[in-house]
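# Commentary on secondary and tertiary structure
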Number of protein chains: 2
Amino acid sequence: MQMDERKWTILKAIIKTYLETGEPVGSRTISKFPDLNLSSATIRNEMSDLEEMGYILQPHTSAGRIPSDAGYRLYVDRMMEEKEQEVTEIRDLMVQRQDRMELLLKQVVKFLAANTNYATMITGPRLHQTRLKFIQLSVVDDSQILAVIVTETNVVKNRMIRLEHGLDRDTVLRLNLLLNTSLNGLTIEQINLSTISKLKEEAGIHSDVVSQVLDAVAEAISREEDVEIYTSGATNFFKYPELSDTEKASELISTFEEKHPLASLMLPSEKDADGENGNIQVYIGQETPLDTMKDCSVVTASYDMGGGMYGRVGIVGPKRMDYDKVVGILKNLTQQLDELYKK
Amino acid sequence: MQMDERKWTILKAIIKTYLETGEPVGSRTISKFPDLNLSSATIRNEMSDLEEMGYILQPHTSAGRIPSDAGYRLYVDRMMEEKEQEVTEIRDLMVQRQDRMELLLKQVVKFLAANTNYATMITGPRLHQTRLKFIQLSVVDDSQILAVIVTETNVVKNRMIRLEHGLDRDTVLRLNLLLNTSLNGLTIEQINLSTISKLKEEAGIHSDVVSQVLDAVAEAISREEDVEIYTSGATNFFKYPELSDTEKASELISTFEEKHPLASLMLPSEKDADGENGNIQVYIGQETPLDTMKDCSVVTASYDMGGGMYGRVGIVGPKRMDYDKVVGILKNLTQQLDELYKK
DNA sequence: TGTTAGCACTCCAAAGTAACGAGTGCTAAC
DNA sequence: GTTAGCACTCGTTACTTTGGAGTGCTAACA
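Computed from a predicted model, the values in this text were never measured in an experiment.

Time to look at helix H3 (residues 40-53) of chain B. All names here are of chain B. For H3, spanning 14 residues, the distance from its first C-alpha to its last is 20 Å, which sits close to the expected 20 Å at 1.5 Å a residue. Along H3, the residues that are buried comprise Ile43, Glu46, Met47 and Leu50. End-on, the buried residues of H3 take up no more than an arc of 105°, which puts them together on one face. Of the exposed residues in H3, the ones pointing more than 90 degrees away from its buried face are Ala41, Asn45 and Glu52. Its buried side turned inward, H3 meets helix H1 (5-21), helix H2 (27-31) and strand E1 (56-57).

Structure below.
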């Protein structure tokens, strides 16, 4: 069967109505649509066709129709273009909080949740390609030194390093100099075996300290295993009856509380690193990698702040999500994040 | 009316049964209790008395009895003594993660939630009385320097400081020396106006840098306004039918997602600072300061890690909470936290 | 050939009804 | 003081009824 113009108009009408109401839509409702001038009987025939084609389905014999996953998918694919929603408020947040990444991200998800009525999430930017700006070792006490690591993008990390024997201040000064001259401006990937062995050699009897520092650097800069994820609006699930029965809601909210499982929704795609921004990924129903979200849709978008800092931001809601709006907001938001640090 | 031994036994029996089942308890159920050897009719008479005294109440005429807030209160007050629950597992967590406060706290709440089936929360330790160990300024670039602040308790904080004009390395070295000699070993309270003005004087033309550093120190060490709060197990509310209707659950979980409102449950009492540890606060029903929790009970306990680091840890659950167990676990937990850093 | 009006049919949701039973208070007897 | 017995209350559960929204099909119409 062929999907002609009229079928598409009807399908759009069904989906739009269902997005608003959450109730199955009947032929009479559609027949009242302004762009359509057909009787309910004709609509019924077309609906019957659309059902056969797999785009809509009936919960039971004498009910209206609801969109199937395939229906949503078609709708989303055809709608994905254009859309430049304005999200001005967020810009203010950013300017205000530029120096505290964590706060910024928390505010972003909160803002998103408040504006969409869905649950939202964002990953802290990974620092993979980031270059080191400097490393500072300081003596804390006899058995510990503190390593402060600053990246090109001004992200600061600390690690305490325990030692068998204390180091005197001169040695620490020397090590500082050594580390900074050797590692300055390198990315994590560029610190390879030869750099390391050369460093250790130069460090002489303190090579164990050097290797501990390097471990700390590696761990601080690119902790693959626990990317920070911030979430907000998990209780928005209660706003959609189809998700708010105790069991489903409980599972969903748990997932948002745990945070780690969400990582599988936010995997960076290859394109992200290419600087191709705002590229949007939509999972509908069964398509999502998480079992708990088989009744949800997930929309994520990548952001790239430059200097190797990139991550993803996403929204989880019912399948009858307002895809249009969500895609628009995400596109705009990521664009603003992109510009924030680039200038 | 007098609360005699028999009434107390019956009240205990009612509360215990209700804690388990969550259903109103009838006289026949109680009459089967082993320590009691009375017919249901007698129990009914006693129950009638207990109701008159305000310790139990009837949801409707022909239902069993449930404990009132006053009943729980009596029960809790009489039960509060003894109890040394063993919580060995937690000790392992602690040893493993000693150097990362944030991770430790997250693990503690997670552990608590898993072991009690209630929602749990913990405040990061406040650093009020903490002494400074050292301050390290480093040049980041022309317009920024980084201040690293380390306290006696090895808590590390960073702050970026923006400058009008860059500083050369010698000046930074000099400032470092100045700051450390003047501030070393002082608590926040001890850095008073005279210290500050003396410092500024010695800093000469760089007094603006000094005051910015001091601001950073003050802000980093004692941010009263946003104490960190970690939570876990918010979805445990679903396990108790009396809390899991959509509206209540939604409000409760939101509160746990927001985190800030919880601060009012975790206010440090005067005793906490005195080093009197594990002192336990129980709010029952209407007693809680948060409106959303009028149907809940809240139990919190203080911990004191020494060196001016103290905070609170707490549990939120239904009024029919297993107070015995909760108090036991909290006592044990706080004791372990206390010992952790003190040695 | 495509569109529409009409009609019988389906089936969910809401409202009403009935039966059940757990629990009570009261009374009278032990 | 304790207990057995009994009438009564009232929420819970299951079953029945009813209304209406929506469908598919057929026949008539343009």
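With that settled, the discussion passes to the protein's contact with DNA strand D. By nearness alone, 20 residues border DNA strand D, and A:Gly26, A:Ser27, B:His60, B:Thr61 and B:Ser62 come closest of all. If you list the elements that add at least two residues to the surface near DNA strand D, you get helix H2 (27-31) and helix H3 (40-53) of chain A together with H3 of chain B. The biggest single contributor to the surface near DNA strand D is H3(A), with 4 residues. Looking at the surface near DNA strand D residue by residue, the class counts come to 5 nonpolar, 12 polar and 3 charged.

What follows concerns the domain arrangement of chain A. All names here are of chain A. In terms of domain boundaries, chain A breaks down into domain 1 (5-78), domain 2 (84-126 + 227-342) and domain 3 (132-221). With 8 residues of domain 1 at the contact, the number on the domain 2 side is 11 residues. Counting only elements with at least two residues in the side of domain 1 that touches domain 2, the list comes to helix H1 (5-21) and helix H4 (69-79). With 5 residues, the top contributor of residues to the side of domain 1 that touches domain 2 is H4. Counted by class, the side of domain 1 that touches domain 2 contains 5 nonpolar, 1 polar and 2 charged residues.

Under the fitted operation, chain A is carried onto chain B by 0.1 Å of movement along the axis and a turn of 180°, and the coordinates agree to an RMSD of 0.1 Å. Taken together, the turn and the small shift mark the pair as related by a two-fold rotation axis.

Okay, the protein's contact with DNA strand C next. Not every one of the 20 residues close to DNA strand C is listed here, only the nearest: A:Thr42, A:Thr61, A:Ser62, B:Gly26 and B:Ser27. For the surface near DNA strand C, the secondary-structure elements that each account for two or more residues are H3 of chain A together with H2 and H3 of chain B. The leading source of residues in the surface near DNA strand C is H3(B), at 4 residues. Classifying every residue of the surface near DNA strand C by side-chain character gives 5 nonpolar, 12 polar and 3 charged.

It is worth spelling out the environment of B:Leu265 at this point. Residues and elements named next belong to chain B. Structurally, Leu265 can be placed in the loop between helix H10 (246-258) and helix H11 (270-273). Between the alpha carbons of Leu265 and Leu290 there is a distance of 7.7 Å; along the sequence they are 25 residues apart. Once residues lying within four places of it in the same chain are set aside, the contact partners of Leu265 are Thr288, Pro289, Leu290, Val298, Thr300 and Gly314.

Parameters at a glance
Residues numbered from 1 in each chain as written. Chains lettered and ligands numbered in written order. Predicted model: local features only at pLDDT ≥ 70, side-chain atom pairs only at ≥ 80, totals over all residues. Helix = DSSP H or I, 4+ residues; strand = E, 2+ residues; numbered from the N terminus. Expected span 1.5 Å × (residues − 1). Buried ≥ 20, exposed ≤ 12 C-beta atoms within 10 Å, placed from the backbone. Arc of directions from axis to C-beta. Contact = placed C-beta atoms within 7 Å. Near = placed C-beta within 6 Å. Nonpolar A, V, L, I, M, F, W, Y, C, P; charged D, E, K, R; others polar. Domains from an automatic or database assignment. Least-squares fit on C-alpha atoms with pLDDT ≥ 70 in both.

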